[in-house]
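So the chains spell out like this:
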Amino acid sequence: MLTRNLLRNQERIEYCKEEDIVPALSKKLQIPELHEIIRSFRENPVKEGITLHGARRTSAKLFMPNLYFGEEIEMGDSVWLYMGDLDPVYCIFIPWEQA
């Protein structure tokens, strides 16, 4: 279950650059347009997040913790992806441009 306590457990969180993790997650969930969905959600987030449905009964929840839980957490303004209690919670971020 997606709870605030889950996000406090650093062993369950994977911080990933978008270009490194999205292709693998797209393949795992069998959602070919995952990159576009994440970009769209980043531009227009909703408080309750969105649930994505993939093939073979797979699903994932996209959310922004600062909106979802109503409190500030580290990297909480990034898009996160939750696929269930057996998988890590992915913080999908875009690194800052280097000067």
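Nothing here was measured: the structure is a model prediction, and the numbers come from that model.

(A) A look at helix H2 (residues 18–29). With 12 residues, H2 should cover 16 Å at 1.5 Å per step; its first-to-last C-alpha distance of 16 Å lies within 8% of that length. Listed as buried for H2 are Glu18, Ile21, Val22, Leu25, Ser26 and Leu29. One side of H2 carries all its buried residues, which in axial view fall inside an arc of 135 degrees. What points out from H2, more than 90 degrees from its buried face, is the exposed set Glu19, Asp20, Pro23 and Lys27. Summarising the contacts, the buried residues of H2 are in contact with strand S1 (13–17), helix H3 (34–43), strand S3 (59–63), strand S4 (79–82) and strand S5 (89–93). Taken from the residues just after H2, Gln30 is the one with a positive phi, measuring 55 degrees.

(B) Structural detail: the packing of aromatic side chains. The final tally for this structure, using the stated rule, is five aromatic pairs. Aromatic side chains Phe63 and Trp80 sit 6.3 Å apart centroid to centroid with 40 degrees between the ring planes, which places their arrangement in the tilted category. One end of the pair, Phe63, is in strand S3; the other, Trp80, is in strand S4, and 17 residues separate them in sequence. The burial state of Phe63 is the same as that of Trp80; both residues are buried. Taking 4.9 Å as the distance between ring centres and 85 degrees as the angle between the ring planes, the aromatic pair formed by Tyr68 and Phe69 counts as edge-to-face. Grouped by ring-pair contacts, the aromatic residues Tyr15, Phe63, Tyr68, Phe69 and Trp80 constitute a single cluster.

Reading guide: rules and limits
Residues numbered from 1 in each chain as written. Predicted model: local features only at pLDDT ≥ 70, side-chain atom pairs only at ≥ 80, totals over all residues. Heavy atoms only, no water. Helix = DSSP H or I, 4+ residues; strand = E, 2+ residues; numbered from the N terminus. Expected span 1.5 Å × (residues − 1). Buried < 20%, exposed > 50% of the residue type's maximum accessible area, 1.4 Å probe, protein only. Arc of directions from axis to C-beta. Contact = heavy atoms within 4.5 Å. Phe/Tyr/Trp six-rings, centres within 6.5 Å; stacked < 30°, edge-to-face > 60°.

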